[in-house]
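# Descriptive analysis of the structure
Each chain is listed here by its residues.
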Amino acid sequence: MAELKGKLTPAEFLAALKGRKPPAKHIPSPVSEDDDSDRAAEQSELEEESQEPQTDRAANENSGDGSGSAPSRYFGNYVKRNSRLTELFDRVNTLLGSNSNQDQGETFRPKAPETLNETGLTFEEVERLILKFLLAKGSARGRAIANQVRMPFQIVDPILKVCKQEQLVAFKGAAEMGDYEFSITEFGRERARRYIEECTYFGSAPVTLPDYLNAMAPQTIAKQQATEEDLKRAFQDLIVPPRLLDRLGPAINSGRGMFLFGNPGNGKTSIAERVTRSFGTTIWIPRTLGIDGDLIRLYDPGIHDAVEAEAEDGILNLSGIDQRWIQIARPTVAAGGELTMQELEVVQNPQTKICEAPLQLKSNCGVLIIDDFGRQTMPVETLLNRWIVPLEKRFDFLNLPSGKKIQVPFDQLIIFSTNLEPRDLVDGAFLRRIPYKIEVPDPSEEDFRGLCQLMAPLLGFEYEKDPIDYLIEKHYKQAGRPFRACHPRDLMLQVRNFCMYKQTTKKLSNEAFDIAIENYFSVM
């Protein structure tokens, strides 16, 4: 594509994007008289565009917003002929205030800040992160520093210039787009070491607590509604009786909490882990929270599933998203018998001085599963007393290392999964705050056969009816043994291991099931 002469000035460019009339400095002719053949072709295209219906042209000129101006029409028509510029045009429109993504139903989208004041942070807070990063790195380009702290370059660049004036950093060399390579000075190293003693963190700039609270409200789990079709889709890899689904649906839509109880091995944990799938949405959370000097790491790669963003071309971020936030699938946080009281409070690492968010904060707008409830090392009463108010009020109080107490949302569907009878674990006051108590029953013979048919190909077997009939008749009906949802998988795993040992083809057989039953139920 031939390069255009008579380009718009920056002011005219932005005015055209915003649909305003550009400054009357000059309106360049789109094509000069001595253009080559490429420009002649473009002239022909422009002449065709000039023959548009008069009604459309009049509508443009009388729209009242300046969109009918010559540079705007010229720029807009040219952009439409180039797919890459069209994409750029859409992105810049987003930066200039378009909320197209939110118009399409997105409840919350963190907008990139344009000034330091919009971040809610102070100059000193950002300076600390920059100097600690340069102390570890030695030197880096300005945009690399901005990317490290997840802030726009237009905010970080003035801070770097002030640091240079104070002789904390120095120019090491020039880089592209008016950028520089910055290196830390000895004076800067000394200050950075003092900052490191206070806190070693130099990752993403934190998000303030008010901004976090404002983001949680439109993303709350209470506003999510799961339909019967949503549940069928979420549980499609399990065999769940329709009656059980009908009980789970209202409990999920309540956004409050539920007990899942029943015999071990019937899939309570598997059911709980798939509840979040029924919502099928994503949320935005801060990578780190900053509260009066305390840095709380909220995003946990071991728990949260990040949504991969579209890769940006070039060195500019045109997404319009505040990079201090990260988009994740609605979280599912599970804790079992290893759960301790410490994991429910803000904990500060004594060496790094970085705080870790408690499990209930990491699970906000998602699902929190307390598996094997009643088998934790802490007494059940201790856990109940910790959560009895949050379950009622839907907010929690956290104590910070600084001594300050803060109020945060307790906004998750909490699921207590247990093999024990709920009334034997907790009193009536706590049961009242968990409105749904759902028993997960033993599978029927039909469901058991369906589970065998489901698991056989997953484990490399061809499903055969005769060995399954033998298994059910001899080892369940004659033995008086109840069906469990986990048995088909566990027994077929043993059959597979037996075939591998014998170096035979993977095949379901009566002999293999006899050996598997003898091993599996020897002490049961």
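Residues numbered from 1 in each chain as written. Predicted model: local features only at pLDDT ≥ 70, side-chain atom pairs only at ≥ 80, totals over all residues. Heavy atoms only, no water.

With that out of the way, let us pick up the overall build of the protein. Broken down by element type, the protein carries 23 helices and 17 strands. When the 524 residues of the protein are sorted by exposure, 44% land in the buried category. The long-range fraction of contacts in the protein, counting pairs at least 24 apart against all pairs at least 6 apart in sequence, stands at 73%. Total accessible area on the protein stands at roughly 27,000 Å², and carbon and sulfur atoms take up 49% of it. (Helix = DSSP H or I, 4+ residues; strand = E, 2+ residues; numbered from the N terminus. Buried < 20%, exposed > 50% of the residue type's maximum accessible area, 1.4 Å probe, protein only. Contact = heavy atoms within 4.5 Å. Areas by Shrake-Rupley, 256 points an atom, 1.4 Å probe, with all protein chains shown as cover.)

Right, let's get into a nonpolar patch on the surface. Nonpolar side chains collect at one region of the surface, where Ile239, Leu454 and Leu458 lie side by side and expose about 250 Å² of accessible area between them. Of note, leucine 458 is situated in helix 20 (residues 445–458). (Patch = residues over 30% accessible without salt bridge, like charges linked within 9 Å, V, L, I, M, F, W, Y side chains within 5 Å. Salt bridge = Lys/Arg side-chain N within 4 Å of Asp/Glu carboxyl O.)

Among the secondary structure elements, glutamate 181 is positioned in strand 3 (residues 180–184). What makes glutamate 181 partly exposed here is its relative accessible area of 22%. Measuring from C-alpha to C-alpha, the distance between glutamate 181 and alanine 170 comes to 8.4 Å, with 11 residues separating the pair along the chain. In contact with glutamate 181, other than residues within four places in its own chain, are Ser139, Ala140, Arg141, Ala170, Phe171, Lys172 and Gly173. Engagement of the side chain of glutamate 181 in a polar contact is seen with the side chain of serine 139, the distance being 3.4 Å. (Polar contact = N/O pair within 3.5 Å; in protein donor to acceptor, adjacent residues only side chain to side chain.)

Look at helix 22 (residues 487–502) against helix 23 (residues 510–520): their axes get within 9 Å of each other, and the N-to-C directions meet at 115 degrees. Crossing handedness for the pair helix 22 and helix 23: right-handed. Residues His487, Asp490, Leu491, Gln494, Val495 and Phe498 of helix 22 pack against Glu511, Ala512, Phe513, Ile515, Ala516, Ile517, Asn519 and Tyr520 of helix 23. Partitioned by chemical class, the residues of the contact of helix 22 with helix 23 number nine nonpolar, three polar and two charged. (Axes fitted to C-alpha atoms, helices over the stretch in contact; angles between N-to-C directions. Left-handed = near helix turned anticlockwise from the far one by under 90°. Nonpolar A, V, L, I, M, F, W, Y, C, P; charged D, E, K, R; others polar.)

It is worth spelling out the packing of helix 8 (residues 123–137) against helix 9 (residues 142–149) at this point. Closest axis-to-axis distance for the helix 8/helix 9 pair is 10 Å, and the angle between their directions is 115 degrees. By the angle class used here, helix 8 and helix 9 are roughly perpendicular. As helix 8 runs across helix 9, the sense of the crossing is right-handed. Counted together, Leu129, Ile130, Phe133 and Leu134 of helix 8 and Ile145, Gln148 and Val149 of helix 9 form the full contact between these two elements. (Parallel < 35°, antiparallel > 145°, perpendicular 65-115°, else oblique.)

As a further point, take the sheet that holds strand 11 (residues 347–348). Taken in spatial order, the five strands of this open sheet run 4-7-8-12-11, and their pairing is mixed. With one partner strand each, in any of the chains shown, strand 4 (207–208) and strand 11 form the two edges of the open sheet. As judged from the two bridges shared by strand 11 and strand 12 (residues 355–356), these two strands associate in the antiparallel manner. In the sheet register, valine 347 faces strand 12, and the bridge partner there is glutamate 356. (Pairing = 2+ DSSP bridges.)

Here we come to the packing of aromatic side chains. Enumeration according to the criterion identifies 15 aromatic pairs in this entry. Geometrically, the ring pair formed by phenylalanine 448 and phenylalanine 483 is tilted, given 4.7 Å between the ring centres and 40 degrees between the ring planes. With phenylalanine 448 in helix 20 and phenylalanine 483 in the loop between helix 21 (465–477) and helix 22, this residue pair connects regions lying 35 residues apart in the sequence. Side by side, phenylalanine 448 and phenylalanine 483 carry an identical accessibility label, which is buried. By way of ring pairs, the aromatic residues Phe259, Phe373, Trp387, Phe410, Phe416 and Phe430 are connected into one cluster. Looking at arginine 143, its charged tip hangs above the ring of phenylalanine 153, at a distance of 4.2 Å from the centre. Lysine 164 extends its terminal NZ or CZ atom over the ring of phenylalanine 171, reaching a point 4.8 Å from the ring centre. (Phe/Tyr/Trp six-rings, centres within 6.5 Å; stacked < 30°, edge-to-face > 60°. Lys NZ or Arg CZ within 6 Å of the ring centre and 35° of its normal.)

On to the layout of surface pockets, then. Each pocket or cavity is described by its volume, and for the second largest pocket that value is around 610 Å³. Of all the elements in the fold, those that place two or more residues in the lining of the second largest pocket are helix 15 (268–274) and helix 20. Among the residues forming the lining of the second largest pocket, the class breakdown is 16 nonpolar, seven polar and eight charged. (1 Å grid on protein atoms, 1.4 Å probe; cavity = no way out; pocket = protein on both sides within 12 Å on 5 of 7 lines; lining within 4 Å. Points joined across faces, edges and corners; volume = space filled by probe spheres on them.)

Note that glutamine 219 resides in the loop between helix 12 (209–216) and helix 13 (228–234). Apart from the residues within four sequence positions on either side, glutamine 219 is in contact with Thr107, Phe108, Ile283, Trp284, Arg330 and Cys365.

By size, the foremost hydrophobic cluster in this structure holds 29 residues, and its most contacted members are Ile130, Leu131, Leu134, Ile145, Met151 and Val156. Elements with a minimum of two residues in this core: helix 8, helix 9, helix 10 (153–165), strand 3 and helix 11 (186–198). Not counting chain neighbours up to four residues away, the residues in contact with isoleucine 145 comprise Ile130, Phe133, Leu134, Ala140, Val156, Leu160 and Phe182. The next biggest cluster of nonpolar side chains, apart from the first, holds 27 residues, and it includes Met216, Ile291, Trp325 and Ala357. (Core = buried A, V, L, I, M, F, W, Y, C linked by side-chain atoms within 4.5 Å.)

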